[in-house]
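Observations on the three-dimensional arrangement
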Amino acid sequence: MATIDIIREVLVENLDLDADAVTEDATLESLGVDSLDMVELICDIEEKCDIDFGEPEGITTVGGIVEHIDSLS
């Protein structure tokens, strides 16, 4: 499964978002992702991808999350 698909799945499950709204260009702010949501998102991503995400400093878009995860593998 592609990284964007994993992120989309987690966001749709956790925040009840429309899957079509979760694009690489979408900002976390526009999707309503707050700091608590981000912590939960990272935990779920770490579990699904078997990675240690680290600190999400400077990540503001879904694409930024994808790039960060892809850089870890």
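Preceding block: the structure.
To start, this report covers the structure provided alongside it. Please read these numbers as outputs of a predicted model, since none were measured by experiment.

**Overview of the overall build of the chain**
Counting its secondary structure elements, the chain contains three helices and zero strands. Of the regular secondary structure in the chain, the N- to C-terminal order runs α-α-α. Taking 73 residues into account, the globule formula puts the C-alpha radius of gyration at 11 Å, and the chain, at 11 Å, falls close to it. Principal-axis analysis of the C-alpha atoms gives the chain an extent of 25 × 25 × 20 Å. Counting across all 73 residues of the chain, residues that qualify as buried make up 36%. Expressed as a percentage of contacts within the chain between residues at least 6 apart in sequence, the contacts between residues at least 24 apart total 54%.

**Brief notes about helix 3 (residues 62-72)**
For helix 3, the full list of buried residues reads Val62, Gly63, Gly64, Ile65, Val66 and Ile69. The elements touched by buried residues of helix 3 are helix 1 (3-15) and helix 2 (35-49).

**Brief notes about the nonpolar core**
Counting 22 residues, the largest nonpolar core has Ile7, Leu11, Ile45, Phe53, Val62 and Ile65 as the members making the most contacts within it. Ranked by residues supplied to this core, first place goes to helix 1 with five residues. Residues in contact with isoleucine 45, not counting those within four places in the same chain, are Ile7, Asp50, Ile51, Phe53, Ile65 and Ile69.

**So, the side chain of aspartate 37**
As for its position among the elements, aspartate 37 is in helix 2. The charged side chain of aspartate 37 is buried without a salt bridge, its nearest counter-charge being lysine 48 at 16 Å.

**Describing the packing of helix 1 against helix 2**
It is the contact of helix 1 with helix 2, at a shortest axis distance of 10 Å, that shows an interaxial angle of 135°. Considered as vectors, helix 1 and helix 2 are oriented oblique to each other. Like other packed secondary-structure pairs, helix 1 and helix 2 cross with a definite hand, here right-handed. Across the interface between the two elements, Ile6, Ile7, Glu9, Val10, Leu11, Glu13, Asn14 and Leu15 of helix 1 pack against Asp37, Glu40, Leu41, Asp44, Ile45, Lys48 and Cys49 of helix 2. Among the residues making up the contact of helix 1 with helix 2, the classes are represented as eight nonpolar, one polar and six charged.

**Some remarks on the environment of glutamate 13**
On the secondary structure map, glutamate 13 appears in helix 1. In the structure, glutamate 13 is positioned 28 residues away from leucine 41 in sequence and 10.0 Å away in space, judged by C-alpha atoms.

Cut-off values and rules
- Residues numbered from 1 in each chain as written.
- Predicted model: local features only at pLDDT ≥ 70, side-chain atom pairs only at ≥ 80, totals over all residues.
- Heavy atoms only, no water.
- Helix = DSSP H or I, 4+ residues; strand = E, 2+ residues; numbered from the N terminus.
- Rg over C-alpha atoms; globule rule 2.2 N^0.38 Å.
- Buried < 20%, exposed > 50% of the residue type's maximum accessible area, 1.4 Å probe, protein only.
- Contact = heavy atoms within 4.5 Å.
- Core = buried A, V, L, I, M, F, W, Y, C linked by side-chain atoms within 4.5 Å.
- Lys, Arg positive; Asp, Glu negative; His and termini not counted.
- Salt bridge = Lys/Arg side-chain N within 4 Å of Asp/Glu carboxyl O.
- Axes fitted to C-alpha atoms, helices over the stretch in contact; angles between N-to-C directions.
- Parallel < 35°, antiparallel > 145°, perpendicular 65-115°, else oblique.
- Left-handed = near helix turned anticlockwise from the far one by under 90°.
- Nonpolar A, V, L, I, M, F, W, Y, C, P; charged D, E, K, R; others polar.

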